[in-house]
Amino acid sequence: MRFLALMTIILGGAMASPAQANCDIGGRAVPCATKNGYYRIAKPPGPGPHPAVMYLYGSLGNSGDLIGNRGFVQAFVDRGYAVIVPAGLNLRYRSGIGSGWFLRNARTRKDRNDAAFVAEVLADAAVKHRIDRKRVLMAGMSNGGFLTWEIACHNPDMAAAYAPIAAGYLGKMPKKCRKPVRIIHTHGRADQVVTVDESGDRFNAGARIATLGETLGGAARAAGCTHPGKSTKFKEYDRTTWNGCQRGASVDLLLHDGGHTIPLSWYSLILDWFEGPGTVTNSVGGGTARFQGVSEGESRFQRAGQGTGRFKRATTPSE
């Protein structure tokens, strides 16, 4: 935590603040309250409506820590996006009590329907903060990635696209999700928290985690994709794009050699992907410090390297 605080101070002094962070009541910044919880938000300058990244953090995460860390916030705000971080409720883990998300197939006590809560947050932010509901990218890491997959499958109209990280579908993957979506999944081959071929229960959830193949297969079936293309190298990732998907839908996989982490390049690449055909943003550009998740409940910051280049739509590979 001492290192985190130091890096926050160092990076915070070099970057401009977003136009607004959290809600303003009587000149005091406080979390934004909804009927069933609260969230924090940071926005770019301008009146909006703003595109947004809805970020669902992993186990033991904290919305205040994330919105308070400018490296994380500016990775999105500098590109013209608001970043919305809902607050999870406490769950009981094997290591103790900590923040997380209640999932439909988990056999844990369900204090709140978190998929419905995320929808409630988006509806509130759209009105109070002029968020463009047609330009929302939902991303989630680990436990937040489980919820991202759940929403993409069962509540697909909630966001324009989905970007789960280091997770999978918790429970048996449905034979077919409700409708086609745009989804890109990022995972580390060396991940020992949620392994690529995950099939066990290490989260006190009482439910098997679908393997990566099963999870992506469900999304591909919903999108009408015919088969995955050949893997191609893109920076530090091996990228696989499914072929033959319905118009407006896509399924992509980014594999990297790391563990239960978010690679430094992910933040710019994922926005490049989201801004692909059919998506318009009010990107403002500019340099930034990038946020890199190390593990759930822990984070660190690094300066961005030189330009990472655009994430281009893959050409259909020959089979």
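Predicted model, so just to flag it, every value in this text is computed and none were measured.

When you go through the chain residue by residue, the secondary structure sums to seven helices and 18 strands. Residues counted as buried form 57% of the 319 residues belonging to the chain. In the chain, 67% of the contacts between residues at least 6 apart in sequence involve partners at least 24 apart. Working note: accessible area of the chain is about 13,800 Å², and carbon and sulfur atoms make up 52% of it.

Among the structural elements, M141 can be located in strand β10 (residues 131–141). A sequence separation of 25 residues divides M141 from A166, and the C-alpha atoms of the two residues are 6.0 Å apart.

This paragraph deals with the packing of helix α3 (residues 70–77) against helix α7 (residues 266–274). Interaxial distance between α3 and α7 falls to 10 Å at its minimum, and their mutual angle equals 25°. Of the possible angle classes, the one that applies to α3 and α7 is roughly parallel. Handedness of the crossing formed by α3 with α7: right-handed. In this structure, α3 uses F72, A75 and F76 to contact α7, whose residues at the interface are W266, Y267 and L271. Looking at the contact of α3 with α7, its residues break down into six nonpolar, no polar and no charged.

Let's shift gears to the state of the cysteines. If you walk through the whole model with that rule in mind, you get two disulfides. Disulfide pairing places C153 opposite C177 at an S-S distance of 2.2 Å. Here the S-S torsion is close to -100°, and the disulfide linking C153 with C177 is therefore left-handed. Taken together, the residues span a long stretch of sequence, with C153 in helix α5 (residues 143–154) and C177 in the loop between β11 (161–165) and β12 (182–188) at a distance of 24 residues. By relative accessible area, which is 1% here, C153 ends up buried.

Another point: helix α4 (residues 114–128). Between its first and last C-alpha atoms α4 spans 21 Å; for 15 residues at 1.5 Å apiece the expected length is 21 Å, and the two agree. A positive backbone phi angle near 50° is found at R130, which sits one or two residues after α4.

This part is about unusual backbone geometry. Looking along the chain, the bond that leaves G48 and enters P49 is cis, with omega of 5°. The topology assignment puts P49 in the loop between β5 (37–43) and β6 (50–56). Despite not being glycine, L60 has its phi angle at roughly 70°, a positive value. Its place among the elements puts L60 in the loop between β6 and α2 (63–68). The phi dihedral of K235 falls on the positive side, at around 55°, and the residue is not glycine. Position of K235 relative to the elements: it lies in the loop between β14 (232–234) and β15 (237–243).

Our focus in this paragraph is the packing of aromatic side chains. Overall, the coordinates contain six aromatic pairs when judged by the stated rule. Centroid distance Y57 to W101: 5.4 Å. Interplanar angle 45°. Geometry classified as tilted. Linking Y57 in the loop between β6 and α2 with W101 in the loop between β9 (96–100) and α4, this pair joins segments that are 44 residues apart in sequence. Residue Y57 shares its accessibility class with W101, and that shared class is buried. Geometrically, the ring pair formed by F76 and Y267 is edge-to-face, given 5.9 Å between the ring centres and 65° between the ring planes. Here Y267 lies in helix α7 and F76 lies in helix α3, a separation of 191 residues in the sequence. The exposure class assigned to Y267 is buried, which follows from its relative accessible area of 0%. The rings of Y55, F72, F76, W266 and Y267 are connected pair by pair, giving a single aromatic cluster. The residue whose ring lies beneath R112 is F117, and the NZ or CZ to ring-centre distance is 3.7 Å. Positioned over the ring face of W273 is R182, at 4.4 Å from the centre of the ring.

Quick notes on the rules
- Residues numbered from 1 in each chain as written.
- Predicted model: local features only at pLDDT ≥ 70, side-chain atom pairs only at ≥ 80, totals over all residues.
- Heavy atoms only, no water.
- Helix = DSSP H or I, 4+ residues; strand = E, 2+ residues; numbered from the N terminus.
- Buried < 20%, exposed > 50% of the residue type's maximum accessible area, 1.4 Å probe, protein only.
- Contact = heavy atoms within 4.5 Å.
- Areas by Shrake-Rupley, 256 points an atom, 1.4 Å probe, with all protein chains shown as cover.
- Axes fitted to C-alpha atoms, helices over the stretch in contact; angles between N-to-C directions.
- Parallel < 35°, antiparallel > 145°, perpendicular 65-115°, else oblique.
- Left-handed = near helix turned anticlockwise from the far one by under 90°.
- Nonpolar A, V, L, I, M, F, W, Y, C, P; charged D, E, K, R; others polar.
- Disulfide = S-S within 2.5 Å.
- Expected span 1.5 Å × (residues − 1).
- Phe/Tyr/Trp six-rings, centres within 6.5 Å; stacked < 30°, edge-to-face > 60°.
- Lys NZ or Arg CZ within 6 Å of the ring centre and 35° of its normal.

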